[in-house]
Amino acid sequence: QVQLVESGGGLVQAGGSLRLSCAASGRSFRGNAMGWFRQAPGAVRHFVAAINWSGDSTSYADSVKGRFTISRDNAKNTVYLQMNSLKPDDTAVYYCAAGKGRYESDSAEGYNFWGQGTQVAVSS
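What counts, and at which threshold
- Residues numbered from 1 in each chain as written.
- Predicted model: local features only at pLDDT ≥ 70, side-chain atom pairs only at ≥ 80, totals over all residues.
- Heavy atoms only, no water.
- Phe/Tyr/Trp six-rings, centres within 6.5 Å; stacked < 30°, edge-to-face > 60°.
- Lys NZ or Arg CZ within 6 Å of the ring centre and 35° of its normal.
- Core = buried A, V, L, I, M, F, W, Y, C linked by side-chain atoms within 4.5 Å.
- Buried < 20%, exposed > 50% of the residue type's maximum accessible area, 1.4 Å probe, protein only.
- Helix = DSSP H or I, 4+ residues; strand = E, 2+ residues; numbered from the N terminus.
- Contact = heavy atoms within 4.5 Å.
- 1 Å grid on protein atoms, 1.4 Å probe; cavity = no way out; pocket = protein on both sides within 12 Å on 5 of 7 lines; lining within 4 Å.
- Points joined across faces, edges and corners; volume = space filled by probe spheres on them.
- Nonpolar A, V, L, I, M, F, W, Y, C, P; charged D, E, K, R; others polar.

Chemist: Provide a residue-level description of the packing of aromatic side chains, including the pertinent values.
Modeler: For the coordinates displayed, the defined rule picks out five aromatic pairs. Through a chain of ring-to-ring contacts, the aromatic side chains of Phe37, Phe47, Tyr111 and Trp114 assemble into a single cluster. The cationic tip of Arg19 hangs over the ring face of Tyr80; the distance from NZ or CZ to the ring centre is 4.0 Å. Its end group placed over the ring of Trp114, Arg45 keeps NZ or CZ at 5.0 Å from the ring centre.

Now the structure itself:
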């Protein structure tokens with residue numbers, strides 16, 4: 001059974017940092033792009049960041065550029081999202097996703113495995 005399990009969410013003050021992790025099991029995703037999306041209450045799910053299969057190419061939403069960094073460790077079948085300078089607008093459930101192909105996509109249509117999400121709350 002393929003699973004993506006996110007961890008590392010929590011409550012943090014504005015300006016603080018969190019590091020999210022997404023551990024995959026059931027199969028290797030070393031040949032697939034990986035991505036992070038987020039969904040705030042009452043809103044649709046939005047793209048946050050993605051990384052290609054080898055880890056040498058990344059993409060970010062404009063709202064997080066310069067503050068968030070996506071990375072991966074293929075030996076551990078794990079992808080990370082380092083979030084710095086957090087803002088209240090970053091409050092959302094963050095979802096990890098495994099891509100259908102090798103290269104980044106900013107559309108949910110480009111991903112076919114999803115985690116259950118981890119809550120991030122940023123207080124002002």
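Structure's up, so let's keep going.
Chemist: So what about the nonpolar core? Which residues, and what values?
Modeler: Membership of the largest hydrophobic core comes to 32 residues, with the highest contact counts inside it found for Trp36, Leu81, Met83 and Tyr94. Only β3 (18–25), β4 (34–39), β5 (45–51), β7 (68–73), β8 (78–83), β9 (92–99) and β11 (118–123) provide two or more residues apiece to this core. With residues near it in sequence (within four places) discarded, Tyr94 still touches Glu6, Leu20, Trp36, Phe37, Arg38, Val48, Phe68, Leu81, Met83, Gly117, Thr118 and Val120.

Chemist: Give a detailed account of empty space enclosed by the protein, specifying residues and quantitative values.
Modeler: Throughout the structure, instances matching the rule amount to one cavity of 30 Å³ or more. Met34, Arg72, Asn77, Thr78 and Val79 are, among the 13 residues lining the largest cavity, the residues nearest its centre. A total of three residues in the lining of the largest cavity trace back to one element, the largest contributor, which is β3. Among the residues making up the lining of the largest cavity, the classes are represented as seven nonpolar, three polar and three charged.

Everything listed here is a matter of coordinates, which is why it stays silent on function.
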